[in-house]
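Results of the structural survey
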Amino acid sequence: MSTTNGHDKLTEFIIRKAEDIKSPFNVSQLINDFKREYKRMDSVPSLRHKIETLLSKIPELEGIDTEMKVKLLFGLHVPVDPDFLEKCKGTADSLKLDEFQRIIEYTDEKRGLKLKGTHQALKARDETTEKNLLKFLVEISKTVDAPFVDNSFLREFKSLTGNSSSLKSLIHRLV
């Protein structure tokens with residue numbers, strides 16, 4: 001199966017793994033399997049970023065049918081956008097989403113597709129941290145008259161809010 005984005009091997013690997021999916025992926029394990037199978041030296045954060053880049057593009061991927069897109073959204077813990085949700089409802093006999101609009105159950109009797117599983121609840125914490133970080137940036141930008149230097153504002157955010165996230169994690173949320 002061929003894709004048109006710059007991450008062909010990774011995308012094709014994920015698609016191949018999704019063909020027989022029954023429950024959501026452990027993304028860390030998926031990355032390690034990819035590195036092992038393709039003997040890749042890419043860093044885990046680099047591959048995770050490539051996967052995150054792919055997530056929003058799944059509904060628009062060309063050359064991939066709706067069934068595979070559903071499998072990818074389910075497997076990679078991706079919230080389903082409203083337009084693609086309507087398309088899914090047209091093919092599903094049963095479709096259930098969690099509070100973050102991620103597929104937790106999907107059945108298409110005609111194609112023999114049954115997906116069922118839960119997703120990690122980390123999104124709620126991430127969204128709260130992101131929201132607090134954005135509020136902090138809005139407030140601090142009201143009194144700043146020069147560009148921020150490296151990660152100083154993140155250190156200040158951690159200090160003032162008591163946030164336990166690593167600087168690397170906070171940087172990742174801003175990218």
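Note that this is a predicted model, so its numbers are computed, not measured.

Right, let's get into the pairing of strand β3 (residues 113-116). The two faces of β3 differ: Leu113 and Leu115 on one face are buried, but Lys114 and Lys116 on the other face are not. Bridging between strand β2 (residues 103-108) and β3 involves four bridges; their strand directions are antiparallel. The partner of Thr107 across the bridge, within β3, is Lys114. In sequence, β2 turns back onto β3 through a hairpin of four residues, with Gly112 there showing a positive phi of about 70°.

Once that is clear, we can look at the pairing of strand β1 (residues 94-97). Side-chain direction in a regular strand flips from residue to residue, so the side chains alternate between the two faces of the sheet. Pairing analysis gives four bridges linking β1 to β2, with the strands arranged antiparallel. Following the sheet pairing, Leu97 is matched in β2 by Ile103. Linking β1 back to β2 in an antiparallel pair, the connection comprises five residues, with Gln101 at a positive phi of about 65°.

One finds Ile14, Ile58, Leu72, Leu76 and Tyr106 to be the most contacted residues of the largest nonpolar core, which totals 33 residues. At the level of elements, α1 (8-18), α2 (27-38), α3 (44-55), α4 (66-75), α5 (82-91), β2 and β3 are the ones that each hand at least two residues to this core. Sequence-distant contacts of Leu76, that is, excluding residues within four places in its chain, are made with Ile14, Phe25, Val27, Leu30, Ile51, Leu54, Leu55 and Ile58. Counting residues in hydrophobic clusters, the runner-up holds eight residues, among them Phe136, Leu137, Ile140 and Leu170.

A word on the pattern of salt bridges. Between side chains of opposite charge, a pair can form when the charged atoms approach closely. What the rule picks out here adds up to 12 salt bridges. Here Arg111 ties to Glu67 by a salt bridge, and the two come within 3.5 Å at their closest N and O atoms. Of the two residues, Arg111 is situated in the loop between β2 and β3 and Glu67 in helix α4; the sequence distance between them amounts to 44 residues. In this structure, the salt-bridge partner of Lys116 is Glu105, at a minimum N-O distance of 3.9 Å. A residue pair is termed long-range when its members are at least 10 positions apart, and Lys116 in strand β3 and Glu105 in strand β2 qualify at 11 residues. A single salt-bridge network, built from bridges that share partners, covers Glu67, Lys71, Asp108 and Arg111.

Turning our eyes to something else, we now look at the domain arrangement of the chain. Partitioning the chain into domains gives domain 1 (9-116) and domain 2 (127-172). Taking only C-alpha atoms into account, the centre of domain 1 sits 32 Å from that of domain 2.

Any aromatic ring pair is given by two values, namely how distant the centres are and how the planes are angled relative to each other. This structure, assessed with the given rule, holds three aromatic pairs. Judged by centre distance (5.0 Å) and plane angle (35°), the rings of Phe34 and Tyr38 are tilted. With Phe34 and Tyr38 both in helix α2, this residue pair falls four residues apart, about one helical turn. Given the relative accessible area of 1%, Phe34 is considered buried.

Rules of the game
- Residues numbered from 1 in each chain as written.
- Predicted model: local features only at pLDDT ≥ 70, side-chain atom pairs only at ≥ 80, totals over all residues.
- Heavy atoms only, no water.
- Buried < 20%, exposed > 50% of the residue type's maximum accessible area, 1.4 Å probe, protein only.
- Helix = DSSP H or I, 4+ residues; strand = E, 2+ residues; numbered from the N terminus.
- Pairing = 2+ DSSP bridges.
- Core = buried A, V, L, I, M, F, W, Y, C linked by side-chain atoms within 4.5 Å.
- Contact = heavy atoms within 4.5 Å.
- Salt bridge = Lys/Arg side-chain N within 4 Å of Asp/Glu carboxyl O.
- Domains from an automatic or database assignment.
- Phe/Tyr/Trp six-rings, centres within 6.5 Å; stacked < 30°, edge-to-face > 60°.

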